[in-house]
Amino acid sequence: MALAAIYSLFIINKSGGLIYYKDYGSAGRMDTNDSLRLASLWHSMHAISQQLSPTHGCTGIDLLQAHNFDLHCFQSLTGTKFFVVCETGAPNMEILLKVIYELYTDFVLKNPFYEMEMPIRCELFDLNLSQVQKDRVALLGR
């Protein structure tokens, strides 16, 4: 089974600020300003979609499909958004996002030196995140 590529991972706080960005070698690498702009734009689109939805209780956009990529989003109960930009048709991205959220709760939120809503600078989070990327074939088989 071929493994779909993940181009980048973003974590946005509940105010729309980018607190984590990881680029996985995508061809169109973004500079810091572009990644901040994209995170802010996604936060705004997500909030607007909740208000414009014709159905009651809409939680926002979960998937944005484009010609060359898909953008999958998971929003936690606290309003923190996790989204990955990946190849079109990438399977089981929702599972991957939930695993990334578990890593976030285990290694970022439980870190006594981490301040809420601030950029993530946790070595254990980075190490475990890179391990998930390496073991993603096993993860997708869950």
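Residues numbered from 1 in each chain as written. Predicted model: local features only at pLDDT ≥ 70, side-chain atom pairs only at ≥ 80, totals over all residues. Heavy atoms only, no water.

### Re the pairing of strand β2 (residues 18-23)
No. 1: As paired elements, strand β1 (residues 6-12) and β2 share 5 bridges and run antiparallel to each other. The partner of leucine 9 across the bridge, within β2, is lysine 22.
No. 2: In this antiparallel pair of consecutive strands, β1 and β2, the connection spans 5 residues, and glycine 16 shows a positive phi of 95°. (Pairing = 2+ DSSP bridges. Helix = DSSP H or I, 4+ residues; strand = E, 2+ residues; numbered from the N terminus.)

### Topic: the pattern of salt bridges
No. 1: Inspection of the entire model under this criterion finds 2 salt bridges.
No. 2: Aspartate 34 is paired through a salt bridge with arginine 37; the nearest N and O atoms lie 2.6 Å apart. Here arginine 37 and aspartate 34 lie together in helix α1 (residues 32-52), a separation of 3 residues that amounts to about one turn.
No. 3: With relative accessibility at 31%, the residue aspartate 34 sits in the partly exposed group.
No. 4: Lysine 110 is the salt-bridge partner of aspartate 106, the closest N and O atoms lying 3.3 Å from each other.
No. 5: Its relative accessible area of 39% is what places aspartate 106 among the partly exposed residues. (Salt bridge = Lys/Arg side-chain N within 4 Å of Asp/Glu carboxyl O. Buried < 20%, exposed > 50% of the residue type's maximum accessible area, 1.4 Å probe, protein only.)

### Thoughts on the pairing of strand β5 (residues 81-86)
No. 1: Most of β5 sits out of view: 6 of its 6 residues are buried.
No. 2: With burial as the criterion, each face of β5 is covered, one bearing Lys81, Phe83 and Val85 and the other bearing Phe82, Val84 and Cys86.
No. 3: Here 6 bridges tie β1 to β5, and the two strands are oriented antiparallel to one another. In the sheet register, phenylalanine 10 faces β5, and the bridge partner there is phenylalanine 83.
No. 4: Looking at chain direction, strand β4 (residues 70-75) and β5 are connected through 6 bridges and run antiparallel. Residue pairing in the sheet places phenylalanine 74 in a bridge with phenylalanine 82 of β5.

### A short note on helix α3 (residues 123-134)
Because an α-helix completes one turn every 3.6 residues, residues spaced three or four positions apart along the sequence face the same direction.
No. 1: Over its 12 residues, α3 runs 17 Å from end to end, which matches the ideal 16 Å to within 8%, given 1.5 Å per residue.
No. 2: Here α3 has its buried residues at Phe125, Leu129 and Val132. Each buried residue of α3 sits inside an arc of 55° when the element is viewed along its axis, so together they form one side. Exposed residues lying more than 90 degrees from the buried face of α3 are Glu123, Leu124 and Lys134. (Expected span 1.5 Å × (residues − 1). Arc of directions from axis to C-beta.)

### Overview of the sheet that holds strand β3 (residues 63-65)
No. 1: Taking strand neighbours across the sheet as the criterion, the 5 strands line up as β2-β1-β5-β4-β3 in an open arrangement whose pairing is antiparallel. Unpaired on one side and paired on the other, β2 and β3 mark the two borders of the sheet. In this sheet, neighbouring strand axes are inclined to one another by 10° on average, regardless of whether the strands run parallel or antiparallel.
No. 2: Pairing between β3 and β4: 3 bridges, direction antiparallel. From the neighbouring strand, leucine 63 faces β4, where its bridge partner is histidine 72.
No. 3: Sheet strands touched by helix α2 (residues 93-109): β1, β2, β4 and β5. Its angle to β5, the strand with the most contacts, is close to 135°. (Axes fitted to C-alpha atoms, helices over the stretch in contact; angles between N-to-C directions. Contact = heavy atoms within 4.5 Å.)

### Topic: the packing of aromatic side chains
No. 1: The tally for this structure, following the rule as stated, stands at 9 aromatic pairs.
No. 2: Ring centres of phenylalanine 10 and phenylalanine 83 lie 4.6 Å apart, and the angle between their planes is 10°; this geometry places the pair in the stacked category. Of this pair, phenylalanine 10 sits in strand β1 while phenylalanine 83 sits in strand β5, and the two are 73 residues apart along the sequence. With respect to burial, phenylalanine 10 and phenylalanine 83 carry one shared label: buried.
No. 3: Considering the side-chain rings of phenylalanine 74 and phenylalanine 82, the 6.3 Å spacing of their centres and the 40° angle between planes classify their relative orientation as tilted.
No. 4: Connected via pairs of aromatic rings, a cluster forms that spans Phe10, Tyr21, Trp42 and Phe83. (Phe/Tyr/Trp six-rings, centres within 6.5 Å; stacked < 30°, edge-to-face > 60°.)

In short, geometric facts, not functional conclusions.
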